[in-house]
Amino acid sequence: FVPLRRDFMPKAIVGLLVGSLIGTPAGVWILAVAPASVLNRLIGLTLLVVVAVEFAGKFPRRMAGPGWGIGAGLLAGLLGGAVGLPGPPIVVYAATQDWSPRTFKANLQAFFIVNQGVTLVGYWLAGVFTTEVIRLTAAYFLPALAGIGLGMALFTRVDPVRFRRIVFALLLVTGTVLLVRG
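Residues numbered from 1 in each chain as written. Predicted model: local features only at pLDDT ≥ 70, side-chain atom pairs only at ≥ 80, totals over all residues. Heavy atoms only, no water.

Asker: What's the story with the environment of Glu54 in this structure? I'm lost.
Answerer: Along the chain, the position of Glu54 falls in helix H2 (residues 36–55). A relative accessible area of 12% means that Glu54 is categorised as buried. Glu54 sits 16 residues away from Ile70 along the chain, and the two C-alpha atoms are 22 Å apart. For Glu54, the contacting residues outside a window of four places in its chain are Phe59, Arg61, Arg164 and Phe168. (Helix = DSSP H or I, 4+ residues; strand = E, 2+ residues; numbered from the N terminus. Buried < 20%, exposed > 50% of the residue type's maximum accessible area, 1.4 Å probe, protein only. Contact = heavy atoms within 4.5 Å.)

In structure tokens:
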């Protein structure tokens with residue numbers, strides 16, 4: 001976020017944050033009571049539908065109005081709390097805004113900082129932030145750090161059209177993996 005802080009538009013993510021704050025507690029509750037594999041498959045199917053709509057040229061280019069942001073934030077809170085995957089609704093919403101790639105990334109980073117903090121507090125309160133979760137987090141820390149470094153290096157070299165293609169290609173891969181593996 002720090003290298004992109006000048007491109008951050010706080011007003012653009014207010015609805016996303018409001019929705020996320022409402023949806024996260026329900027998502028944490030769902031995590032505590034529902035099988036994650038079912039939720040993952042539903043998310044995967046949803047992502048594949050979104051990608052199919054984009055590839056067919058029917059994806060909306062603009063979602064205006066505060067309701068869309070609140071709705072995307074609500075879904076992100078639910079998904080983030082339930083299966084730790086708040087990104088897809090936010091990425092889909094952000095792809096329909098007229099943000100430059102730098103603003104896109106800055107706004108998403110700011111959203112995820114707040115969202116993940118709230119989610120972690122929810123996990124701790126619900127008793128699902130366990131030593132196993134901490135162990136897995138530590139195991140994935142270095143690969144995640146390498147991915148962040150690679151992403152930062154590549155970010156300035158990608159034009160907006162290719163950036164959008166990459167976003168939807170990643171959604172396709174994520175959706176397929178979630179649907180198949182659950």
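Asker: Just checking my understanding: could you explain the packing of H2 against helix H3 (residues 66–83) for this structure?
Answerer: When two helices pack together, their arrangement is given by the angle between their axes and by how far apart the axes lie. Here H2 crosses H3 at 145°, and the two axes come no closer than 10 Å. The hand of the H2/H3 crossing is left-handed. Contact with H2, carried on its side by Ala36, Leu39, Asn40 and Ile43, involves Leu79, Ala82 and Val83 of H3 and no other residues of that element. Taken together, the residues of the contact of H2 with H3 sort by class into six nonpolar, one polar and no charged. (Axes fitted to C-alpha atoms, helices over the stretch in contact; angles between N-to-C directions. Left-handed = near helix turned anticlockwise from the far one by under 90°. Nonpolar A, V, L, I, M, F, W, Y, C, P; charged D, E, K, R; others polar.)

Asker: Even after reading the chapter, I still don't get a nonpolar patch on the surface, so can you show me in this structure?
Answerer: Taken together, the side chains of Leu120, Val121, Trp124, Leu125, Phe129 and Ile134 make up a nonpolar region of the molecular surface, amounting to roughly 640 Å² of accessible area. No other element matches helix H5 (residues 101–126), which puts four residues into the nonpolar patch. With respect to the helices, strands and loops of the structure, Leu120 is situated in helix H5. (Patch = residues over 30% accessible without salt bridge, like charges linked within 9 Å, V, L, I, M, F, W, Y side chains within 5 Å. Areas by Shrake-Rupley, 256 points an atom, 1.4 Å probe, with all protein chains shown as cover. Salt bridge = Lys/Arg side-chain N within 4 Å of Asp/Glu carboxyl O.)

Asker: Explain the nonpolar core here, please?
Answerer: It is characteristic of soluble globular proteins that their nonpolar side chains tend to be buried jointly. Grouped together as the largest cluster of nonpolar side chains are 31 residues, with contacts concentrated most on Phe104, Phe168 and Leu171. Put simply, the parts of the chain that give this core at least two residues each are helix H1 (14–33), H2, H3, helix H4 (87–95), H5 and helix H7 (160–181). A total of six residues in this core trace back to one element, the largest contributor, which is H4. Setting aside chain neighbours within four positions, we find Leu171 in contact with Leu47, Val51, Pro88, Val91 and Val92. (Core = buried A, V, L, I, M, F, W, Y, C linked by side-chain atoms within 4.5 Å.)

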